[in-house]
Amino acid sequence: MARILSVWCPNWPITTCRRRSPCAGSDRSSPFALLVSERGTRRLAAVDDRARALGLSAGQKAADALALVPELVTADHDPAADRAALEALCDWCVRFSPAVAIDGDDGLFLDITGTDHLWGGEAAMLVDLVARLARWGVPARAAIADTAGAAWALARFGDDLAIAPPGGQRAAIEALPVAALRLEEAAEAQLPRLGLRRIGQLLALPRAQLAKRFGLSTTLRLDQALGQAAEALTFRRPASPWFDRLAFFEPISAPEDLARVAGDALALICRRLEAEGRGAKRFEVVFHRLDGQAFPVRAGLARVGRDARRLTRLVVPKLDKVDPGFGIEVVTVHAAAVEPMAAAQERLDADPDATLDETLAPLVDRLVNRLGEHRVWRADPHPSHVPERSVVRAGPLDPVATARWDPDRPRPVRLFRRPEAITALAKVPDDPPVQFTWRGRAHRVRRAEGPERIGQEWWRAGVGEGETGPGKVRDYYRVEDEAGGRFWIYRQGLFGSDEAPKWWIHGLFG
């Protein structure tokens, strides 16, 4: 059964404005509001508690508000900055759960299924989360339930730090107002006028009449809150159960300490993988600083693995990117691309895969982590007649492709990304050249093989009308010059067509 934690930051625009600009509304004794321009009229976008107590509200004209409260302090509203701050808060919450989703403009959802034990229980996790936010000047309310709808309702309309027991969301939300169901505006305004003010009153009504009178969205929200209908959450980070955490009594900052805890965190996740007969290709160690900033360090494997020592050797050289500041208080570790992995004997290496894993795989892992994942690859054949499409990039240790190179049609070791133009001379139009000039240097041809005629694959999707025809036909030749250099050149176009044929060089043999 899933457990969802909902975090609500009341008046988020005011909070983020004060954090971005300490001078804005710094005098908490004066009422403060944010302004926005709508069709040439300045209106209040958000107001703080003191301004609200004086009768001001969002949507009110700024001129009217200043007439009512002359001492009102104002600043411009910046929705983009508010969203960026909420995304930063979402990334910070990864220390509590690997699956965090943004909820509207002022809240978050955390899937804490199976992670609350790292804090000593759900209650301790809630207290720690809200207390940390309060220390940074971010007031927040939070609640936990089986469903996102119930957690959302409790966080905004229930007791602070409320926890609905597993399977007990119905009893937890019955006494809450109908606004806690996230209904459409029309239904939310109409229900209280009919005397339906509490969720429990809606639950007592026949479903057919409720849906007919207030729409299917009302019954859907009820079902989502009670766990009778699924609700998809869009997590900013992919949901993964392969997550672990280390917290420290005192912050650490020394490089040797960072290296040691990175190894300890990787050992934790690798032990879990080994216990369940699995391995992973992607690992991420995240160092969480005291001020809330996070520094991820990633390591990838060419083949599925779970050797903590090898992973530590890949992570440690990247620790110079981690700025510990006043100290690192938490380290989290994530594993991705998790696959089943059978246990292997360490000494008997008669299996060629075992030999490969012990010798070539560690080298590939070091190259990939130093140079980048997309800079180490293997060229595999792809079924296509066109040379540019006959090669695809594959992982260095990926399974061997089923396609094979055609031995009767050899291809150059080095194929240019784009063919380069050359000038060539031939005895007769359809013969191979006897001489060509490439990059300002003349080459006299001693031997030539060909032609091999290749046309564009007109049957492929996306091939335009102008990409086929006689002018796109290629006649390839394998030629060798007097110095022993071997080239792959072609003549594009046919004699007698609208355009004169042109010569190109496409690759080098050896």
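What comes next is a walk through the structure. (Residues numbered from 1 in each chain as written. Predicted model: local features only at pLDDT ≥ 70, side-chain atom pairs only at ≥ 80, totals over all residues. Heavy atoms only, no water.)

1. Description of the sheet that holds strand 9 (residues 243–252)
Strand pairing in a sheet relies on backbone hydrogen bonds, with the paired strands running either antiparallel or parallel.
Working step 1: Spatial strand order, 9-12-10-11: four strands in an open sheet with antiparallel pairing. Of all the strands in the sheet, just strand 9 and strand 11 (294–305) have a single pairing partner and so form its edges. Direction aside, neighbouring strands of the sheet carry axes that sit 15 degrees apart on average.
Working step 2: As judged from the eleven bridges shared by strand 10 (residues 278–289) and strand 12 (residues 328–340), these two strands associate in the antiparallel manner. Residue pairing across strands places Val-285 opposite Val-333, the latter belonging to strand 12.
Working step 3: Seen against the sheet, helix 12 (residues 255–275) touches strand 9, strand 10 and strand 12 and runs at an angle of roughly 155 degrees to strand 9.
Working step 4: The strands that helix 13 (residues 308–315) touches are strand 10 and strand 11; relative to strand 11, the one it contacts most, it runs at about 130 degrees. (Pairing = 2+ DSSP bridges. Helix = DSSP H or I, 4+ residues; strand = E, 2+ residues; numbered from the N terminus. Axes fitted to C-alpha atoms, helices over the stretch in contact; angles between N-to-C directions. Contact = heavy atoms within 4.5 Å.)

2. A closer look at helix 11 (residues 216–226)
Working step 1: For helix 11, the set of buried residues is Thr-218, Thr-219, Leu-222, Asp-223, Gln-224, Ala-225 and Leu-226.
Working step 2: Against helix 6 (148–157), helix 7 (169–173), helix 8 (185–193), helix 9 (199–203) and helix 10 (207–214) lie the buried residues of helix 11.
Working step 3: Within two residues after helix 11, Gly-227 carries a phi angle of roughly 85 degrees, on the positive side. (Buried < 20%, exposed > 50% of the residue type's maximum accessible area, 1.4 Å probe, protein only.)

3. Focus on the side chain of Arg-182
Working step 1: Note that Arg-182 resides in the loop between helix 7 and helix 8.
Working step 2: Accessibility expressed as a relative area gives 16% for Arg-182, which makes it buried.
Working step 3: Excluding residues that lie within four positions of it along the chain, Arg-182 makes contacts with Phe-109, Ala-148, Gly-149, Trp-152, Arg-221, Gln-224 and Glu-231.

4. Here's the deal with the packing of helix 12 against helix 13
Working step 1: In contact at an axis separation of 9 Å, helix 12 and helix 13 are set at 140 degrees when each is read in the N-to-C sense. By the angle between their directions, the pair helix 12 and helix 13 is classed as oblique. Considering the relative orientation of helix 12 and helix 13, their crossing is right-handed. Between helix 12, through Ala-259, Ala-262, Gly-263, Leu-266, Ala-267 and Cys-270, and helix 13, the contact on the second element is made entirely by Ala-308, Leu-311, Thr-312 and Val-315.
Working step 2: Residue composition of the contact of helix 12 with helix 13, by class: eight nonpolar, two polar and no charged. (Parallel < 35°, antiparallel > 145°, perpendicular 65-115°, else oblique. Left-handed = near helix turned anticlockwise from the far one by under 90°. Nonpolar A, V, L, I, M, F, W, Y, C, P; charged D, E, K, R; others polar.)

5. Points about the nonpolar core
Working step 1: Of all hydrophobic cores here, the largest spans 30 residues; its most connected members are Phe-283, Phe-287 and Leu-319.
Working step 2: At the level of elements, helix 12, strand 10, strand 11, helix 13 and strand 12 are the ones that each hand at least two residues to this core.
Working step 3: For this core, the element with the highest residue contribution is helix 12, accounting for ten residues.
Working step 4: With sequence-adjacent residues up to four places away left out, Leu-319 is seen in contact with Leu-258, Ala-259, Phe-287 and Val-297.
Working step 5: Formed by 25 residues, the second largest nonpolar core is a distinct cluster that contains Leu-196, Leu-210, Phe-214 and Ala-225. (Core = buried A, V, L, I, M, F, W, Y, C linked by side-chain atoms within 4.5 Å.)

6. Section: the packing of aromatic side chains
Working step 1: Enumeration according to the criterion identifies ten aromatic pairs in this entry.
Working step 2: Ring plane angle 20 degrees and centroid distance 5.2 Å describe the contact between Phe-96 and Trp-119, whose orientation is recorded as stacked. Residue Phe-96 is located in the loop between helix 4 (79–92) and strand 5 (100–103), and its partner Trp-119 is located in the loop between strand 6 (107–111) and helix 5 (122–135); the two are separated by 23 residues in the primary sequence. Taken individually, Phe-96 and Trp-119 each receive the classification buried, so the pair is uniform in this respect.
Working step 3: Grouping aromatic residues by their ring pairs yields a cluster made of Trp-92, Phe-96, Trp-119 and Trp-136.
Working step 4: Sitting over the face of the ring of Trp-119, Arg-245 holds its NZ or CZ atom 3.9 Å from the ring centroid.
Working step 5: Cation over ring: Arg-486 sits above Phe-509, and NZ or CZ is 4.9 Å from the ring centre. (Phe/Tyr/Trp six-rings, centres within 6.5 Å; stacked < 30°, edge-to-face > 60°. Lys NZ or Arg CZ within 6 Å of the ring centre and 35° of its normal.)

7. Thoughts on the pairing of strand 17 (residues 441–454)
Working step 1: Pairing analysis gives four bridges linking strand 16 (residues 433–438) to strand 17, with the strands arranged antiparallel. Looking across to strand 17, one finds that Phe-436 is bridged to His-443.
Working step 2: Where strand 16 hands over to strand 17, the hairpin turn is made up of two residues, of which Arg-439 adopts a positive phi near 55 degrees.

8. Description of the sheet that holds strand 1 (residues 4–8)
Working step 1: In space, the five strands of this open sheet follow the order 5-6-1-7-8, with mixed pairing throughout. With partners counted over all chains shown, the strands left at the sheet margins are strand 5 and strand 8 (162–163), one partner each.
Working step 2: The pairing of strand 7 (residues 141–145) with strand 8 spans two bridges and is parallel. Among the inter-strand pairings, Ile-144 is bridged to a residue of strand 8, identified as Ile-163.

9. Comments concerning the pattern of salt bridges
Working step 1: Applying the stated criterion to the full structure yields 30 salt bridges.
Working step 2: Residue Glu-87 is joined to Arg-236 by a salt bridge in which the shortest nitrogen-to-oxygen separation is 3.9 Å. Remark: Arg-236 occurs in the loop between helix 11 and strand 9 and Glu-87 occurs in helix 4; sequence separation between them is 149 residues.
Working step 3: Owing to a relative accessible area of 40%, Arg-236 belongs among the partly exposed residues under this scheme.
Working step 4: Note that Asp-223 is salt-bridged to Arg-207, the shortest N-O span being 2.9 Å. Here Asp-223, found in helix 11, pairs with Arg-207, found in helix 10; they are 16 residues apart in sequence, far enough to count as distant.
Working step 5: Overall, Arg-207 belongs to the partly exposed group, its relative accessible area being 45%.
Working step 6: Each member of the salt-bridge network shares a partner with another, and the members are Arg-83, Glu-87, Asp-91 and Arg-236. (Salt bridge = Lys/Arg side-chain N within 4 Å of Asp/Glu carboxyl O.)

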